[in-house]
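# Commentary on secondary and tertiary structure
These are the residues of each chain, in order.
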Amino acid sequence: MTASIAADGLGVRFQFDRQSRVVSPQLARLRRRGEESWGLRGVSFSVGPGEGVALVGASGSGKTTLLRCIGGIFAADEGRIAVRGHVASLLSIDAGLTGELTGRENAMLLGVVGGLTRREVRRSLDEIRTRTALEDEFDHPVSSYSQGMRARLGFAVAVQAGADVLLLDEVHEALDHEFRSVVEAFTRSLLARGGVVVAAGHDHPLLERICERGILLSAGHLRADGSFAEVVREYLLT
Amino acid sequence: MAEPAASSGRDGGDRGALPAAVARNVELLAALVASDLRARYGRGRFRMLKWLLDPFALVGVYLLLVTFVLDRPGRAPGVSLACAVIPFQLVMMAVMNGMNSVNLRRSIVLNTPLPRLMIPLSGALTETVAFAASLSLLALMVAVYDVPLTAAVLWLPVVLAVNVLLAIAVAYLASLVGLWFRELRPFMISFVRALFFLAPGLVPLSTIGGRAYDLIRLNPLTGLFEAYRAVVVEGHRPAAWELLYPTAVALLLLAVLLPVYRREARHFAKVV
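Predicted, not measured: the structure shown is a model, and the values here were computed from it. (Residues numbered from 1 in each chain as written. Chains lettered and ligands numbered in written order. Predicted model: local features only at pLDDT ≥ 70, side-chain atom pairs only at ≥ 80, totals over all residues. Heavy atoms only, no water.)

All names here are of chain B. If you check helix H8 (residues 185–197), its first and last C-alpha atoms are 19 Å apart, about what 13 residues at 1.5 Å a residue would give, namely 18 Å. Along H8, the residues classified as buried are Arg185, Met188, Ile189, Val192 and Phe196. Take H8 and look down its axis: the buried residues cluster within an arc of 100°, on one side only. Exposed residues on H8 whose side chains face more than 90 degrees from its buried face are Pro186, Phe187 and Phe197. Check the buried side of H8 and you find it contacts helix H3 (77–104), helix H7 (156–180) and helix H10 (220–234). (Helix = DSSP H or I, 4+ residues; strand = E, 2+ residues; numbered from the N terminus. Expected span 1.5 Å × (residues − 1). Buried < 20%, exposed > 50% of the residue type's maximum accessible area, 1.4 Å probe, protein only. Arc of directions from axis to C-beta. Contact = heavy atoms within 4.5 Å.)

To continue, consider the packing of aromatic side chains. Residues and elements named next belong to chain B. In this structure the tally under the stated criterion is eight aromatic pairs over all chains. Geometrically, the ring pair formed by tyrosine 172 and tyrosine 261 is edge-to-face, given 5.1 Å between the ring centres and 85° between the ring planes. Of this pair, tyrosine 172 sits in helix H7 while tyrosine 261 sits in helix H11 (residues 240–265); the two residues are 89 residues apart in sequence, bridging distant segments of the chain. Through successive ring pairs, a cluster of aromatic residues spans Phe88, Phe196, Phe197 and Phe225. (Phe/Tyr/Trp six-rings, centres within 6.5 Å; stacked < 30°, edge-to-face > 60°.)

In this model, chain B carries a mean pLDDT of 88, and residues with pLDDT of at least 70 account for 93%. The ipTM for the predicted assembly is 0.85, set against a pTM of 0.87. (pLDDT = per-residue confidence, 0-100.)

Residues and elements named next belong to chain B. There is a patch of nonpolar side chains on the surface, built from Tyr62, Leu64, Leu65, Phe68, Val69, Leu140, Val144, Phe197, Leu202 and Val203 and spanning about 880 Å² of accessible area. Among the secondary structure elements, those contributing two or more residues to the nonpolar patch are helix H2 (47–69) and helix H6 (134–145). Element by element, the count of residues in the nonpolar patch is highest for H2, at five residues. With respect to the helices, strands and loops of the structure, phenylalanine 197 is situated in helix H8. Since its relative accessible area comes to 55%, phenylalanine 197 is described here as exposed. (Patch = residues over 30% accessible without salt bridge, like charges linked within 9 Å, V, L, I, M, F, W, Y side chains within 5 Å. Areas by Shrake-Rupley, 256 points an atom, 1.4 Å probe, with all protein chains shown as cover. Salt bridge = Lys/Arg side-chain N within 4 Å of Asp/Glu carboxyl O.)

Time to look at the pattern of salt bridges. Applying the stated criterion across every chain yields a total of 18 salt bridges over all chains. Measuring nitrogen to oxygen at the nearest pair gives 3.2 Å for the salt bridge that ties A:Arg21 to A:Asp17. With a relative accessible area of 31%, A:Arg21 lands in the partly exposed category. Measuring nitrogen to oxygen at the nearest pair gives 3.9 Å for the salt bridge that ties A:Arg21 to B:Glu183. Taken together, the residues span two chains, with A:Arg21 in the loop between strand E1 (4–16) and strand E2 (22–23) and B:Glu183 in the loop between H7 and H8. Since its relative accessible area comes to 47%, B:Glu183 is described here as partly exposed. Salt bridges here are not isolated pairs; linked through shared partners, they connect A:Asp17, A:Arg21 and B:Glu183.

Take H10(B) next. Residues and elements named next belong to chain B. Along its 15 residues, H10 runs 20 Å from first to last C-alpha, staying within 8% of the 21 Å computed at 1.5 Å per residue. Counting buried positions along H10 yields 14 of 15 residues, so the element is predominantly enclosed. After H10 finishes, the residue glycine 235 shows a positive phi value of roughly 70°.

Attention shifts here to the nonpolar core. Core analysis: the largest hydrophobic core is formed by 157 residues, its most contacted members being A:Ile5, A:Leu10, A:Phe45, A:Ile70 and B:Val79. The leading source of residues in this core is H7(B), at 17 residues. The residues contacting A:Leu10, other than those within four sequence positions of it, are A:Leu40, A:Arg41, A:Gly42, A:Val43, A:Leu66, A:Cys69, A:Ala76, A:Glu78, A:Gly79, A:Arg80 and A:Ile81. Counting six residues, the second-largest nonpolar core is a separate cluster that includes B:Leu37, B:Trp51, B:Ala130 and B:Ala133. (Core = buried A, V, L, I, M, F, W, Y, C linked by side-chain atoms within 4.5 Å.)

Residue and element names in this part refer to chain B. Along the polypeptide, threonine 126 turns up in helix H5 (residues 118–132). A relative accessible area of 1% means that threonine 126 is categorised as buried. A distance of 3.1 Å separates polar atoms of two side chains, one belonging to threonine 126 and the other to aspartate 36. Of note is the side chain of threonine 126, whose polar atom sits 2.8 Å from the backbone oxygen of serine 122. Threonine 126 has contacts with Val33, Asp36, Leu37 and Arg40, leaving out every residue within four places of it along the chain. (Polar contact = N/O pair within 3.5 Å; in protein donor to acceptor, adjacent residues only side chain to side chain.)

Shown next as structure tokens:
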């Protein structure tokens, strides 16, 4: 496995109309221009196979925006980002889940979105059900799930298509202790196989167990890149 | 301000090959449509029944009113009206679904790099599956009026294909309007409803004369309604313009809108 991430001068811009709603650049051109701000700007770094990187910073510093860029959810407005390997992401508690659908139906849909065929997902549904430990709840609508149950399902579904690059955004912090250890075991195994893990959050002891390296973000800029302990020290000093 | 240079590289492996990409998109569409239908019709034993009865709830009451209560002149007026109301229903539902389609997929858009081009398409195809049940309503009207079907009915799949193509094209337009001008959604619905009345929906085109006849033919729904009437009521193949004009409008819409939609889709996760 040769997973990697390389960002060079990466920038993501948010444009707002006069009513402070986020608008696309095309719409910004159509309407009278409002304001703009950069969620990320001039961010450059690279991550090689087997590296676990924690994104550290205050709320609004750009951690989620960076994870979404790596996941291909946000396009770069400036600079470039290249990701090698299949990305599995758990970027919110909802994790792409649809409330009206059952756990099984969500697994089916998100498995195909993740790159599997319907036949492949059908074959792996029992395995996913076991992995989530949701038992009978797996066939109930997701709208009846607790946050922890959603996170369990989201994680199991995210990694079912195979992950070379795993993105975690705070949601793993919503997991109970038992499932947290499952996630930690998975990330360690992924790193050992040459995969990449990028995780953001505020639970530093948990992040430290997953990631040796840290990146400090502040107001959309990269402020520090080094060992996790050094980066957290710098973050706490600022 | 000029757009800053930017790029996002993604190693897609052998998925870049065209046949594999087509197969992947077909899988994706099937999964999206299946999940939409499940959310709409449920998963119990009665979902087929609900699917079949939905069109009756939407337009069936109106058609039955015309058929059994109102005494309207003309040849099989109920079937003639169904030939307009039923195809219009697909266009209307594609617009309504399209306007909310990106927001409905918000959770997936924010978490996965789902090919955004599929969103309005899957919505229009979901409505097409729902629309298929409406054909039972058309068959019922044909039976009630005892309209003899001829070999011209073999043209029906072609007419249906044009109807679906038009629905897909307006779904892309609707999804852009729904994202750009959220406050104008009710206006958009009223506009599409107005298009029904600016087409020969209530009466056949042959009963309209003068300048109105030429103007009404500019509406792509006119050709569509008349094509349904030709194959179902009148028993002859549709005139070429009845199929070609709506097809040309749909293709023109897609040619203009798809590049705009593609550019817009890069920013969906920011604006939903």
